[in-house]
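# Summary of the model geometry
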Amino acid sequence: MDKRWLVLENGRVFEGQAFGAGGEVIGELVFNTGMSGYQESITDQSYNGQILTFTYPLIGNYGVNRDDYESIHPTCKGVVVYEWAKRPNNWRCQLTIDEFLRAKGIPGISEIDTRALTKMIRQYGTLKAVITSDPEVVKTFPKQSQEIDLAKDGVRQVSTKTAYSAPGSGLRVVLVDFGLKHSILRELAARNCHVTVVPYDTTAQEIIDLAPDGVMLSNGPGNPEDVPSALDMIRRVQEKFPVFGICMGHQLFCEANGAKTYKMKFGHRGFNHAVRSFTKDTIDFTSQNHGYAVSREDFPECLEITHEEINDHTIEGVRHKWLPAFSVQFHPDAAPGPHDANHLFDDFIELMEKAKK
């Protein structure tokens with residue numbers, strides 16, 4: 001096997017073995033604590049531009065299959081593991097994770113102490129990093145990293161370029177694509193919704209002309225402040241239709257109503273985050289993937305906090321006090337992850353049915 005290095009901007013170097021595609025990649029280094037769901041994570045467009053570290057020591061043991069894609073063309077930069085499974089065993093398996101990463105052009109590095117790496121990220125926060133096979137880059141990257149600016153147009157990169165429909169005979173939903181997961185479409189399809197997916201920069205009037213029963217704001221990568229064009233659209237459509245935002249959609253919904261967002265030290269990326277619901281007096285275990293959060297500072301009067309993360313008390317859900325609109329930071333579609341919060345899609349259906357009457 002070929003030698004490969006993971007080099008961090010703080011000068012730390014991890015030596016490992018190459019797998020997946022060839023080439024050299026630079027990105028923001030983050031970690032995911034999930035014990036499974038690696039295919040869904042790699043194909044989640046919220047990881048656009050990031051090097052994804054899995055803390056679980058064996059990745060790929062059930063292979064890769066045709067059913068668990070969250071997007072067809074993943075855009076994470078690279079994958080870091082301790083060990084990848086060379087002989088996966090599952091009746092749905094079609095590819096090893098090595099074959100999958102090769103096919104998608106994503107470099108991987110194995111034999112890395114991912115727990116030690118995760119502790120470092122927790123200490124320093126997310127870091128710029130490079131995966132390389134070039135010894136010269138190992139020497140020069142820490143200094144050069146100061147001059148490297150990571151892309152800020154992730155949503156533009158991953159959003160659909162043209163509108164398309166997922167036909168159904170039920171309620172009509174416009175889904176604004178900031179980097180959506182296919183599992184959101186699956187949940188709406190399971191409720192027989194007729195879904196029209198539109199690009200992130202679709203105007204409010206274009207959405208109004210589609211005459212939906214409700215509007216969904218999807219997940220997506222990066223900083224919500226890099227998508228200012230969405231705020232006016234949200235402010236206008238929430239006055240006319242029920243709105244449901246997820247992850248990036250949640251952050252944009254909050255910003256559109258006067259809230260602030262901030263970059264977290266290392267984010268929430270995993271499938272076991274406990275979230276308290278103030279409205280139902282319950283605790284749900286949730287799937288999460290975000291590096292930004294909504295601030296409590298100068299929180300707007302028009303919004304009410306409905307959910308809170310148990311461990312760090314970050315805002316995990318809000319609803320509008322006067323309009324039929326709400327959002328959550330976590331993924332109720334839960335692919336992968338627990339389905340505790342799946343009922344939120346039903347809550348959205350109820351809002352649309354009530355508004356339609």
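Residues numbered from 1 in each chain as written. Predicted model: local features only at pLDDT ≥ 70, side-chain atom pairs only at ≥ 80, totals over all residues. Heavy atoms only, no water.

### Concerning the UniProt feature "active site" (unreviewed entry) in the chain
- With numbering aligned to this structure, UniProt lists the feature "active site" (unreviewed entry) at Cys 247, His 331 and Asp 333. Spatial clustering of the annotated residues is evident: they stretch over 87 residues in sequence, but the largest pairwise C-alpha distance comes to 11.2 Å. Taken from the residues named earlier, the lining of the largest cavity is made up of His 331.
- Secondary-structure assignment places Cys 247 in the loop between β14 (243-246) and α9 (248-256).
- On the basis of relative accessibility, which here comes to 1%, the residue Cys 247 falls in the buried class.
- In this structure, Cys 247 is in contact with Asn 219, Asn 289, His 290, Val 328, Gln 329, Phe 330 and His 331, ignoring residues within four places of it in sequence.
- Its place among the elements puts Asp 333 in the loop between β19 (325-328) and α10 (343-356).
- With relative accessibility at 2%, the residue Asp 333 sits in the buried group.
- With sequence-adjacent residues up to four places away left out, Asp 333 is seen in contact with Lys 181, Ser 183, Ile 184, Glu 187, Ile 246, His 339 and Phe 345.
- Within polar-contact distance, the side chain of Asp 333 engages the side chain of Ser 183 at 2.5 Å. (UniProt positions renumbered as here; feature names shortened; annotations may be inferred. 1 Å grid on protein atoms, 1.4 Å probe; cavity = no way out; pocket = protein on both sides within 12 Å on 5 of 7 lines; lining within 4 Å. Helix = DSSP H or I, 4+ residues; strand = E, 2+ residues; numbered from the N terminus. Buried < 20%, exposed > 50% of the residue type's maximum accessible area, 1.4 Å probe, protein only. Contact = heavy atoms within 4.5 Å. Polar contact = N/O pair within 3.5 Å; in protein donor to acceptor, adjacent residues only side chain to side chain.)

### With respect to the sheet that holds strand β9 (residues 127-132)
- The strand order β1-β2-β8-β6-β4-β3-β9 describes a closed barrel built from seven strands, whose pairing is mixed. Taken over all neighbouring pairs, the strand axes of this sheet differ in orientation by 35° on average, direction set aside.
- Judged from the three bridges that link them, strand β4 (residues 50-54) and strand β6 (residues 78-80) form a sheet pairing that is parallel. Bridging from a neighbouring strand, Leu 52 pairs with Val 79 of β6.
- Across the sheet, helix α3 (residues 114-124) touches β1 (3-8), β2 (13-20), β3 (25-32), β4, β6 and β9, and the angle it forms with β3 is around 95°. (Pairing = 2+ DSSP bridges. Axes fitted to C-alpha atoms, helices over the stretch in contact; angles between N-to-C directions.)

### As for the pattern of salt bridges
- Taken as a whole, this structure holds 18 salt bridges when the rule is applied.
- A salt bridge links Arg 156 to Asp 153, with the nearest nitrogen and oxygen atoms 2.4 Å apart.
- With a relative accessible area of 25%, Asp 153 lands in the partly exposed category.
- Through salt bridges with shared partners, a single ionic network connects Arg 66, Asp 67, Asp 68 and Arg 92. (Salt bridge = Lys/Arg side-chain N within 4 Å of Asp/Glu carboxyl O.)

### Remarks on the domain arrangement of the chain
- Annotation of the chain at the domain level lists domain 1 (3-150) and domain 2 (154-356).
- Summed over both partners, the interface of domain 1 with domain 2 comes to about 1900 Å²; 47% of that surface belongs to carbon and sulfur atoms.
- Of all residues in domain 1, the largest losses of buried area upon contact with domain 2 belong to Ser 46, Asn 48 and Glu 70, amounting jointly to 29% of the total for that side.
- Where domain 1 touches domain 2, the interface holds two salt bridges.
- Here Arg 186 makes a salt bridge to Glu 70, at a shortest N to O gap of 3.1 Å. (Domains from an automatic or database assignment. Buried area = accessible area lost by both parts, 1.4 Å probe.)

### A few points about the nonpolar core
- If you look at the biggest cluster of nonpolar residues, it comprises 31 residues, and the most contacted ones within it are Val 176, Phe 178, Leu 217, Met 233, Ile 234, Leu 252 and Phe 253.
- For this core, the secondary structure elements donating two or more residues are β11 (172-177), α7 (204-209), β13 (214-217), α8 (229-237), α9 and β18 (315-320).
- The next biggest cluster of nonpolar side chains, apart from the first, holds 24 residues, and it includes Leu 180, Ile 184, Cys 193 and Cys 247. (Core = buried A, V, L, I, M, F, W, Y, C linked by side-chain atoms within 4.5 Å.)

### Quick look at the pairing of strand β15 (residues 261-277)
- Pairing geometry for β15 and strand β16 (residues 282-294), over eleven bridges, is antiparallel. Each bridged residue has a counterpart across the sheet, and for Val 275 the counterpart in β16 is Asp 284.
- Linking β15 back to β16 in an antiparallel pair, the connection comprises four residues, with Asp 281 at a positive phi of about 55°.

### A few points about empty space enclosed by the protein
- Per the counting criterion, the structure on display carries one cavity of 30 Å³ or more.
- Along the walls of the largest cavity sit 13 residues, with Ser 41, Asp 44, Lys 181, Phe 271 and Asn 289 positioned nearest its centre.
- Elements represented by at least two residues in the lining of the largest cavity include exactly α1 (38-42) and β16.
- The residues that make up the lining of the largest cavity include at least three from each of domain 1 (3-150) and domain 2 (154-356). (Points joined across faces, edges and corners; volume = space filled by probe spheres on them.)

### Focus on the packing of aromatic side chains
- The final tally for this structure, using the stated rule, is seven aromatic pairs.
- Ring centres of Phe 31 and Phe 266 lie 5.8 Å apart, and the angle between their planes is 35°; this geometry places the pair in the tilted category. Remark: Phe 266 occurs in strand β15 and Phe 31 occurs in strand β3; sequence separation between them is 235 residues.
- Taken together, the ring pairs in this structure connect Phe 244, Phe 326, Phe 345 and Phe 348 into an aromatic cluster.
- The aromatic ring of Trp 84 is capped on one face by Lys 86, whose charged end is 4.6 Å from the ring centroid. (Phe/Tyr/Trp six-rings, centres within 6.5 Å; stacked < 30°, edge-to-face > 60°. Lys NZ or Arg CZ within 6 Å of the ring centre and 35° of its normal.)

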